[in-house]
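Each chain, letter by letter, is given below.
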Amino acid sequence: PEPTSAPMTSGPTSSPSPAPTVSSSPTICDGRKWYLDKTLNMCVNDIDPDDQLVFDSLTNCCYGNFGELTCDSYDMCAPTASPTPEPTDKPTPEPTPEPTAKPTPEPTPEPTPEPTPEPTP
């Protein structure tokens, strides 16, 4: 093409032009539906099932199938690198109570026969 006879600008503009807007392009996970995988007995979103009851969210799938807000699931869009470790055999022990500022006094070897009128030093 031949150059046009449009006038040239005198220099750069005084302020920058607005930044372009970035739109996220669709991914394989957009619009993915949740359903009960009857073989695994868990909610999954790994395929688009044709003839199954589907849910828009994992929470809805869990509640619709198990009556709970959470359940075993597989999210193909956020797979885990490895299975989670097994739980411990026993609960961890209770924490110890906070230490006192000073040691507590030793108890008297035997009770006193009668109350004293004033505290003893």
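Reading the values: rules and limits
Residues numbered from 1 in each chain as written. Predicted model: local features only at pLDDT ≥ 70, side-chain atom pairs only at ≥ 80, totals over all residues. Heavy atoms only, no water. Disulfide = S-S within 2.5 Å. Helix = DSSP H or I, 4+ residues; strand = E, 2+ residues; numbered from the N terminus. Buried < 20%, exposed > 50% of the residue type's maximum accessible area, 1.4 Å probe, protein only. Contact = heavy atoms within 4.5 Å. Polar contact = N/O pair within 3.5 Å; in protein donor to acceptor, adjacent residues only side chain to side chain. Pairing = 2+ DSSP bridges. Axes fitted to C-alpha atoms, helices over the stretch in contact; angles between N-to-C directions.

A. Structural context of the state of the cysteines. In this structure the tally under the stated criterion is two disulfides. With a sulfur-sulfur separation of 2.2 Å, C43 is cross-linked through a disulfide to C61. The S-S bond linking C43 to C61 shows a torsion near -95 degrees; that makes this disulfide left-handed. On the criterion of sequence distance, the pair formed by C43 in strand β2 (residues 42-44) and C61 in helix α1 (residues 58-66) is long-range, its members being 18 residues apart. Here the two residues C43 and C61 agree in accessibility, since each one is buried.

B. Region of the structure containing the environment of M42. Looking at the element boundaries, M42 is found in strand β2. Note on M42: relative accessible area 18%, which makes it buried. Among all residues touching M42, those that are not within four sequence positions of it are Y35, L36, D37, F66, D72, S73 and Y74.

C. Structural context of the side chain of N45. On the secondary structure map, N45 appears in the loop between β2 and α1. At 2.7 Å, the side chain of N45 and the backbone nitrogen of M76 are in polar contact.

D. Focus on the sheet that holds strand β1 (residues 35-37). Spatial strand order, β1-β2-β3: three strands in an open sheet with mixed pairing. Edge positions in the open sheet fall to β1 and β3 (73-74), since each of these has one partner strand only. Where β2 and β3 come together, two bridges link them in parallel fashion. Bridging across to β3, C43 finds its partner in S73. In this fold α1 packs onto β1, β2 and β3, with an angle of close to 150 degrees to the strand it touches most, β2.

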